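Overview (structure and organization)
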Amino acid sequence: MTNEELWEAVLAQIQLNISPANFATWFKNTKITSQKEGQVLVSVPHSFAKEWLEQKYNKIIFKILHSLDDEIKEVKYLVGKQDLKILKRERVAISEIDQLEFQEFKIDKETNLNPRYTFENFIVGPFNELPHAAAWAVSKNPGSVYNPLFIYGGVGLGKTHILQAIGNEVLKDFSEKKVKYIPSEKFTSGVVASIRNRDMENFKSKYRAIDVLIIDDVQFLAGKEKTQEEFFHTFNALYEKNKQIILSSDRPPKAISALAERLRSRFEGGMIADISIPDLETRIAILKAKAQERKVDFSDEVYNYIASVIQRNIRELEGALNRLVVYQKINNQPPDVEITKTLLKNLILSPAKVATPKKIIQAVVEFYDLKEKDLLISTRRKEIVRPRQVAMYLMREELKSSFPFIGRKFGGKDHTTAIHAYEKILKELETNKNLGEEINLIKQRVFSL
Ligand code: ADP
Ligand code: MG
């Protein structure tokens, strides 16, 4: 049989077995380009089709081919270059992605603000209502309402977005104000460089001329004594002049270990607001709004599916949506739920989304700024006892591990120690709201590892 005849025969049978939409999506513009030594090469128009055929249809394609010609032992797929029209469309889609990423570089050199982050495109739901209201109030009255404003929450939940939005909004209303956004690591490297170059005075005066100082991810100041000291003085100088200070962190001030007490109490002196995890309806609303921004639309079923499988991170919701947008651009039609599932398969089924003992230990160690071996050996050191109890609690709660297993994992303790730890935390959770928050943040971390 010629290449054409052979492929026609295959397509005829496949067509009988799958929906017309799927057939059009995955088999349009495919063909056999060669058959040689038992290997058949199938050319496909783009890499999505390649992935899909390999993962989902290869078995049936091979079966049909083999039944038509039993010399055939293997099928390979490759992205062909011949279909110019489709290739061009793919290129359009890719260049749009490039452009989106390009926007990231439109950051203003003076303020470090990215115009992409605004209040207009920040979606508000029960999970972030308070930080949003506080941020808005601050941007309308810099220096005179909540000072400092301290916003905390897990990874990918909008801390940077909201901080940057404040900066952008302030400049809209008060163009004369000096606004500066800076990630805390960058502040630290600034301190270190000024010490090395002996121009601390210059550094100080630069920071003290700022009207609105925004420092992102201050948990990274933990343990950096010299930076903390410098920051403390900057903070006081600005605060006394009624300049606005805005801070973010992945945890509340009291949970940042190795933070000088005087700095901690400064952080706690204004308004503290946390961003929690968006509920299902809000996640759907976020997806819809982002789709609208991108000028695409998908079925409610598709939005529902994505929002039900991605729960803890808005950045991941955006990532999922991006994949759908690319698919839509290439195929000129929106994916249905089945296709969506496949498109997102490696986002969702990745082992990253399940808890394991290893991840729990890592998350606890990182959160309390400990060394793994401290947590795992037997010690009564006060600063270790509590984190270890939390880790044991999480093993029980998240993994349903047996108490003897948990005991063994933590320095060969017997199961009664594990039971005691679990019950102690459980009981304390009833009354201690901070502990609940702490554990939630650790959980978020476990699931983002
Ligand atoms: P964090 O700093 O907390 O890790 P980001 O601020 O970087 O998170 O947010 C991650 C992504 O999710 C960004 O692209 C941001 O624009 C988007 N995002 C987060 N929260 C919201 C929201 N409430 N509305 C719209 N987009 C959001
Ligand atoms: Mg951030």
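Below, the structure is looked at part by part. Keep in mind the model is a prediction, meaning the values are calculated, not measured.

Here we look at the site of ligand 1
Not every one of the 18 residues close to ligand 1 is listed here, only the nearest: Arg116, Ile123, His161, Lys290 and Glu318. One of the side-chain N or O atoms of Asn128 is found 3.3 Å from a nitrogen atom in ligand 1. Here Gly158 contributes a backbone N or O atom positioned 3.1 Å from an oxygen atom of ligand 1. Compared with its free state, where it exposes 560 Å², ligand 1 has 95% of that area covered by protein. Elements represented by at least two residues in the shell around ligand 1 include exactly helix 6 (159-173) and helix 13 (314-331). When its residues are assigned to classes, the shell around ligand 1 shows six nonpolar, seven polar and five charged.

Regarding helix 9 (residues 225-240)
If you check helix 9, its first and last C-alpha atoms are 22 Å apart, about what 16 residues at 1.5 Å a residue would give, namely 22 Å. When we look at burial in helix 9, the residues that qualify are Thr227, Gln228, Glu230, Phe231, Phe232, Thr234, Phe235, Asn236 and Leu238. In this fold, the buried residues of helix 9 make contact with helix 7 (184-196), helix 8 (200-208), strand 6 (212-216), strand 7 (244-249) and helix 10 (261-267).

Here's the deal with the packing of helix 16 (residues 357-367) against helix 21 (residues 433-448)
Two elements in contact, helix 16 and helix 21, have axes separated by 9 Å at closest approach and are oriented at 125°. Between helix 16 and helix 21, the crossing angle belongs to the class labelled oblique. Every pair of crossing elements has a handedness; the one defined by helix 16 and helix 21 is right-handed. Residues Lys359, Ile360, Ala363, Val364, Glu366 and Phe367 of helix 16 form the contact with helix 21, whose own contacting residues are Glu438, Leu441, Ile442, Arg445 and Val446.

Focus on the pattern of salt bridges
Applying the stated criterion to the full structure yields 22 salt bridges. A salt bridge links Lys288 to Asp300; its shortest N-O distance comes to 3.3 Å. Of this pair, Lys288 sits in helix 11 (residues 280-293) while Asp300 is found in helix 12 (residues 300-309), placing the two residues 12 residues apart along the sequence. One salt bridge in this structure joins Glu366 and Arg445, with 3.0 Å as the shortest N-O distance.

Some thoughts on the pairing of strand 6
Most of strand 6 is tucked away, with five of its five residues classed as buried. Side-chain alternation along strand 6 places Val212, Ile214 and Asp216 on one buried face and Leu213 and Ile215 on a second face that is also buried. Sheet topology places strand 6 next to strand 7; four bridges connect them, and they run parallel. In the strand pairing of strand 7, Val212 is matched with Gln244. Crossover strand 6 to strand 7 through helix 9 is right-handed.

Quick notes on the sheet that holds strand 1 (residues 31-36)
Spatially, 1-2-3 is the arrangement adopted by the three strands of the open sheet, whose pairing is mixed. The sheet terminates laterally at strand 1 and strand 3 (74-79), the two strands that pair on one side only. With direction set aside, neighbouring strand axes in the sheet form an average angle of 25°. Where strand 2 (residues 39-44) and strand 3 come together, six bridges link them in parallel fashion. Bridge pairing in strand 3 places Val42 opposite Tyr77. Lying over the sheet, helix 3 (residues 47-68) contacts strand 1, strand 2 and strand 3, oriented at roughly 155° with respect to strand 3.

Section: helix 7
Residues three or four positions apart in an α-helix share a direction because the helix packs 3.6 residues into each turn. A rise of 1.5 Å per residue sets the reference length of helix 7, with its 13 residues, at 18 Å; its end C-alpha atoms lie 18 Å apart and thus fit the reference within 8%. The set of residues buried in helix 7 consists of Ser184, Phe187, Thr188, Gly190, Val191 and Ser194. Down the axis of helix 7, the buried set is contained in an arc of 160°. They therefore lie on one face. As for helix 7, its buried residues are in contact with strand 5 (179-183), helix 8, strand 6 and helix 9.

Here we look at the environment of Ser249
With respect to the helices and strands, Ser249 occurs in strand 7. For Ser249, a relative accessible area of 0% gives the class buried. With 96 residues separating them in the primary sequence, Ser249 and Gly153 have C-alpha atoms 6.8 Å apart. At 2.8 Å, the side chain of Ser249 and the backbone oxygen of Arg251 are in polar contact.

Structural notes on the nonpolar core
Core analysis: the biggest nonpolar cluster contains 71 residues, and Trp26, Phe27, Ile61, Leu65, Leu149 and Ile306 have the highest contact counts within it. Among the elements that make up this core, the one with the highest residue count is helix 13 (nine residues). In contact with Ile61, not counting residues within four places along its chain, are Trp7, Val10, Ile14, Phe27, Leu53, Val75 and Tyr77. Among the nonpolar cores identified, the runner-up in size contains 54 residues, and Tyr207, Val218, Val364 and Ile406 belong to it.

Conventions and cut-offs
- Residues numbered from 1 in each chain as written.
- Chains lettered and ligands numbered in written order.
- Predicted model: local features only at pLDDT ≥ 70, side-chain atom pairs only at ≥ 80, totals over all residues.
- Heavy atoms only, no water.
- Near = heavy atom within 4 Å.
- Polar contact = N/O pair within 3.5 Å; in protein donor to acceptor, adjacent residues only side chain to side chain.
- Areas by Shrake-Rupley, 256 points an atom, 1.4 Å probe, with all protein chains shown as cover.
- Helix = DSSP H or I, 4+ residues; strand = E, 2+ residues; numbered from the N terminus.
- Nonpolar A, V, L, I, M, F, W, Y, C, P; charged D, E, K, R; others polar.
- Expected span 1.5 Å × (residues − 1).
- Buried < 20%, exposed > 50% of the residue type's maximum accessible area, 1.4 Å probe, protein only.
- Contact = heavy atoms within 4.5 Å.
- Axes fitted to C-alpha atoms, helices over the stretch in contact; angles between N-to-C directions.
- Parallel < 35°, antiparallel > 145°, perpendicular 65-115°, else oblique.
- Left-handed = near helix turned anticlockwise from the far one by under 90°.
- Salt bridge = Lys/Arg side-chain N within 4 Å of Asp/Glu carboxyl O.
- Pairing = 2+ DSSP bridges.
- Right-handed = clockwise from strand over helix to strand, strands pointing away.
- Arc of directions from axis to C-beta.
- Core = buried A, V, L, I, M, F, W, Y, C linked by side-chain atoms within 4.5 Å.

Functional significance is not addressed by these values, which are geometric in nature.
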